[in-house]
Amino acid sequence: MALKKKIKNTLLQMIYKSGFARVLAGFGGNNFLTALNYHRVDYPENRPWLDPSLISATPEQFEEQMRLLRRDYCPISIDDVLSAIDGQKTLPKRAVLVTVDDGYRDFKEYIFPIAARYDIQPLLFVPTAYPEAGVFWWDKLYWALQNWDADTLETAYGNYDLSTPAKREIALKLLRAKIKAGDFREGMGLVDTLYKGSKPKAKSDTTDIINWDELRELGRKGVCVAAHTHSHPLLTRIPFDEACAEIKESQENIQKEMDKAFPVFAFPDGQPDFFSPKLIRFLEAEGIKFAVTTIDKNVQLTKENALFFPRVGVFRKLSLAAFAYRLTPLYQLLGK
Ligand SMILES: [Zn+2]
């Protein structure tokens, strides 16, 4: 296994360093698009109370990636995407769209300033209940399990051994999966109970999520701030009418707060389990033109797939060579 990994890494390095990755990226065909999906760009020690698994890159890695995109690829904006869907224009070769989910503070600290240096316009998806002072459930769960004042935890979702840091990590993964598989509101009840039952977090000077004033300022600088539901529920784990209300409410809030709502949407945790044909039809009826998932692929953008468009995930462990490989059409054929 280790040898296989080594061979793969050597191959990826060769493809990248020889410039072949860039050549390959040009063979995607008409309107081939890699939409990249980031969450946080930060150092884990900056905000140790937040779940570090959501960090997509350190600021240095992100800068390296943006520099590469500007030098060898064609970063596009949401307007380019919408025009391509309407058939008004064709995307350039090696088109890449940078998208960021959830609206963490590091968007303002790192992502926007770095992307702007390379004239790249990231698209930011914000669950509209969170700007100002929201805390996401996965961060609450992370904090609760890190700071639970006992070696065991008994819940309606099973009992967990918390006697070592490694076991706490395993417990976090298992509990997160169980919550995602069950009724969403019930799961949130458990998360809140655990969060309140653990050691309170020290107050920090700034909120973890950027506020509406800051979002408006970013909007004036050209950031497309788009809807990502209101309270970030898993849309197939709540009743359908509530899911529709979540979508509608977030779009209305964006319009009210930003003065402009793009016809764009991101499914929370956009794995195939968490969206459905019915929800896609609802988005279409609401006038949404482009909706993104987290299906880890790059494909040709068409009218047919524009409402459940895949995005390639970016992770801290990704080398620049592996990042470049993900921008080629080989990635959709061969995967990771
Ligand atoms: Zn999200």
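These numbers come from a predicted model, not from an experiment. (Residues numbered from 1 in each chain as written. Predicted model: local features only at pLDDT ≥ 70, side-chain atom pairs only at ≥ 80, totals over all residues. Heavy atoms only, no water.)

A. A look at the pattern of salt bridges. All told, the structure shown has 22 salt bridges when counted by the stated rule. For Glu246, the salt bridge goes to Arg185, with nearest N and O atoms at 3.9 Å. Taken together, the residues Glu246 in helix α10 (residues 240-258) and Arg185 in helix α8 (residues 184-197) connect sequence positions 61 residues apart. Classification of Glu246 by relative accessible area gives buried; the value is 7%. Among the charged side chains, a network of salt bridges with common partners joins Arg40, Asp42, Arg47, Asp106, Glu109 and Asp208. (Salt bridge = Lys/Arg side-chain N within 4 Å of Asp/Glu carboxyl O. Helix = DSSP H or I, 4+ residues; strand = E, 2+ residues; numbered from the N terminus. Buried < 20%, exposed > 50% of the residue type's maximum accessible area, 1.4 Å probe, protein only.)

B. Structural detail: the domain arrangement of the protein. Under the domain assignment used here, the protein contains domain 1 (2-24 + 32-131 + 209-334) and domain 2 (137-197). A C-alpha centroid distance of 28 Å is found between domain 1 and domain 2. Each side of the interface is counted separately: domain 1 has 19 residues, and domain 2 has 11 residues. The contact between domain 1 and domain 2 buries some 1300 Å² in all, and 51% of this surface belongs to carbon and sulfur atoms. Interface area lost by domain 1 to domain 2 is led by Trp49, Asp51 and Arg237, which between them contribute 36%. Run the count over domain 1 and domain 2 and you get 4 salt bridges. (Domains from an automatic or database assignment. Contact = heavy atoms within 4.5 Å. Buried area = accessible area lost by both parts, 1.4 Å probe.)

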